[in-house]
Structures are given as structure tokens and as C-alpha cells.
Amino acid sequence: EPEVTQTPSHQVTQMGQEVILRCVPISNHLYFYWYRQILGQKVEFLVSFYNNEISEKSEIFDDQFSVERPDGSNFTLKIRSTKLEDSAMYFCASKIYRITDTQYFGPGTRLTVL
Amino acid sequence: SQKIEQNSEALNIQEGKTATLTCNYTNYSPAYLQWYRQDPGRGPVFLLLIRENEKEKRKERLKVTFDTTLKQSLFHITASQPADSATYLCALGDAGNNRKLIWGLGTSLAVNP
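Residues numbered from 1 in each chain as written. Chains lettered and ligands numbered in written order. Predicted model: local features only at pLDDT ≥ 70, side-chain atom pairs only at ≥ 80, totals over all residues. Heavy atoms only, no water.

1. Quick word on the overall build of chain B
Helices and strands together make up the secondary structure of chain B, namely 0 helices and 11 strands. Helices (α) and strands (β) of chain B occur, in sequence order from the N terminus, as β-β-β-β-β-β-β-β-β-β-β. In terms of C-alpha radius of gyration, chain B reaches 14 Å, essentially the compact-globule figure of 13 Å for 113 residues. Its C-alpha atoms give chain B principal-axis dimensions of roughly 45 × 30 × 20 Å. The buried share among the 113 residues of chain B stands at 47%. Per element, the accessible surface of chain B, about 5500 Å² overall, is 46% carbon and sulfur. (Helix = DSSP H or I, 4+ residues; strand = E, 2+ residues; numbered from the N terminus. Rg over C-alpha atoms; globule rule 2.2 N^0.38 Å. Buried < 20%, exposed > 50% of the residue type's maximum accessible area, 1.4 Å probe, protein only. Areas by Shrake-Rupley, 256 points an atom, 1.4 Å probe, with all protein chains shown as cover.)

Printed below as a string of C-alpha cells:
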């Protein structure tokens, strides 16, 4: 069964460094999302992406964050200058159509900022 | 502001019994509601979706109800098994074009053999 994959599974970085989290959504899906989950807290929406542009973003998704779909398969989240409070699990999700509501999630990348 | 609340305490039940988890929300009118399962260190796994015009949905041992008047969803697992032990997340679907999900904190379920 097709699934969303994410790499790396765990990323450790120093504060102020740039990180890129990678996702490969399910191949025929058209809508892509990033969420994050700080340890012990709720899953939070970061950004949605469709037709090669951001369709919605949350207050968390400030100028330090960016997303890109550089080719037909990868979907990336970049954090330009990481902060301690960026430490969290980051989940990528995808869905096939606008009117289809089920989002399928990847296993997540655990980001640790030291 | 929007608020989603799930059973705050962990739920411990005996194998074979029915587990019932609650999701309440305020200041929100979702187009749909979803239940996901999350195991430690893993991503959410989709279980069931119910729309605002639906009262009940079933899938195998799972049942979801949705009462938009009470602003509440109940999630039932019948004939529970130790393998059902996990955290169960309630997520409300935005009616907008992007269909982003807004999440509860989750309820931890432990099914004891």
C-alpha cells in the first residue's frame, strides 16, 4: 500500500543552523501539509501546499520557514535558523483531491535543536 | 478561541470490553471530524472520518458518533484487544479549501490482557 515517507527520522542540529526536512508524499496526491508536534502537546498545522504554492499557513509558519516541491516527488520543509523551540516531531501529510478529506501521514522527523 | 478537548485522563480497560473516548469542541463548526491512532514516536494513522451531516459511522470494531448540537464526538472500540493500546487523536476538519486539521491532545488507551 502506498505511504508517505519522511527523511531523516531524527535530525540533531545546533541553534541557528538551517535544516531541511524531506517528505515523499503518495504519488498521485495533490495536496500536501506539514504539521508539528512538540513533545506532550497537540499536533499543530503549519502549512498547506497545492499547485506549487502555499495555500494556507499558520502563525507558527513565519519567515524562518519555507516549503518547496523541487521535483515531482519530494516536498521539503526548510527552517533557516533553528531555535530551541523548534524542537518537535514534524509530520508531512498528503491527500489526493480537495474534496477528499483523509490526510495520510508520514512517520515523522524528530528535530532536536541544541 | 477554538478549543478541542479529549478525555484528559488515560483510559485503562480490560480486554474484551468496549472503550469509549470523547471529543468535545467549542467555538468551531467543523465540516467533518476524524479519529486517528498514534503510537509513541510515530505519525498519526487515519481510522475514521465522519461528516457534519452524519450521525454515526462504523468500521469493523470501530464506531464514531457525531453530535453537532452537543459539539461532541464519541469513539468506540468494541471487543478491545491489547493491540488497541495507543493514543487516539480527534481532529476537526476545516471547511475551507485547504481542509487543514485542528487537533485535540489525544487520549491514551491501555487495554489490559
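2. Topic: the interface of chain A and chain B
At the interface, 23 residues of chain A touch 21 residues of chain B. Its largest share of buried area at the contact with chain B, chain A owes to K42, D101 and F105 of chain A, together 30% of the area lost on that side. The interface formed by chain A and chain B holds 1 salt bridge in total. The closest approach of N and O atoms between E56 of chain A and K100 of chain B, which form a salt bridge, is 2.6 Å. (Contact = heavy atoms within 4.5 Å. Buried area = accessible area lost by both parts, 1.4 Å probe. Salt bridge = Lys/Arg side-chain N within 4 Å of Asp/Glu carboxyl O.)

3. Considerations on the side chain of Q37 of chain A
Counting through the fold element by element, Q37 of chain A comes out in strand β4 (residues 31–37). Judged by relative accessible area, which is 13%, Q37 of chain A ranks as buried. A polar side-chain atom of Q37 of chain A sits 2.9 Å from a polar atom in the side chain of Q38 of chain B. If we ignore the near neighbours within four places in the chain, the residues touching Q37 of chain A are K42, V43, A88, M89 and F91 of chain A together with Q38 of chain B. (Polar contact = N/O pair within 3.5 Å; in protein donor to acceptor, adjacent residues only side chain to side chain.)

4. Considering the pairing of strand β9 (residues 86–93) of chain B
Residue and element names in this part refer to chain B. A large share of β9 lies buried, amounting to 7 of its 8 residues. Looking at chain direction, strand β4 (residues 32–38) and β9 are connected through 7 bridges and run antiparallel. Paired with R37 across the bridge in β9 is Y88. In this structure, β9 lies alongside strand β11 (residues 107–112), joined through 3 bridges in antiparallel fashion. (Pairing = 2+ DSSP bridges.)

5. Topic: the state of the cysteines
Residues and elements named next belong to chain B. Per the stated rule, a full pass over the model turns up 2 disulfides over all chains. With its sulfur 2.0 Å from that of its partner, C23 forms a disulfide with C90. For the disulfide bridge between C23 and C90, the dihedral angle about the S-S bond is near -55°, and by the sign convention the bridge is left-handed. Placement of the pair is C23 in strand β3 (residues 19–26) and C90 in strand β9, with a sequence separation of 67 residues. Using a relative accessible area of 0% as the deciding quantity, one classes C90 as buried. (Disulfide = S-S within 2.5 Å.)

6. A look at the nonpolar core
Among the nonpolar cores identified, the biggest contains 24 residues, and L33, W35, F75, Y88 and L92 of chain B are the most heavily contacted of them. Counting only elements with at least two residues in this core, the list comes to β3, β4, β5 (45–51), β7 (62–67), β8 (72–77), β9 and β11 of chain B. Ignoring any residue separated from it by four or fewer positions in sequence, one finds F75 of chain B in contact with A19, T20, L21, W35, L47, L48, L62, K63, V64 and Y88 of chain B. V19, C23, F49 and F75 of chain A belong to the second-largest nonpolar core, a separate cluster that totals 21 residues. (Core = buried A, V, L, I, M, F, W, Y, C linked by side-chain atoms within 4.5 Å.)

7. Digging into the sheet that holds strand β8 (residues 75–79) of chain A
Residue and element names in this part refer to chain A. Judged by pairing direction, the sheet is antiparallel, and its 4 strands sit side by side in the order β1-β3-β8-β7 without closing on themselves. Edge positions in the sheet fall to β1 (5–7) and β7 (65–68), since each of these pairs with one other strand and no more. If you compare each strand with its neighbour and ignore which way they point, the axes differ by 20° on average. Sheet analysis places strand β3 (residues 19–24) next to β8, joined by 5 bridges and oriented antiparallel. Across the sheet, the residue bridging to L21 is L77, located in β8. (Axes fitted to C-alpha atoms, helices over the stretch in contact; angles between N-to-C directions.)

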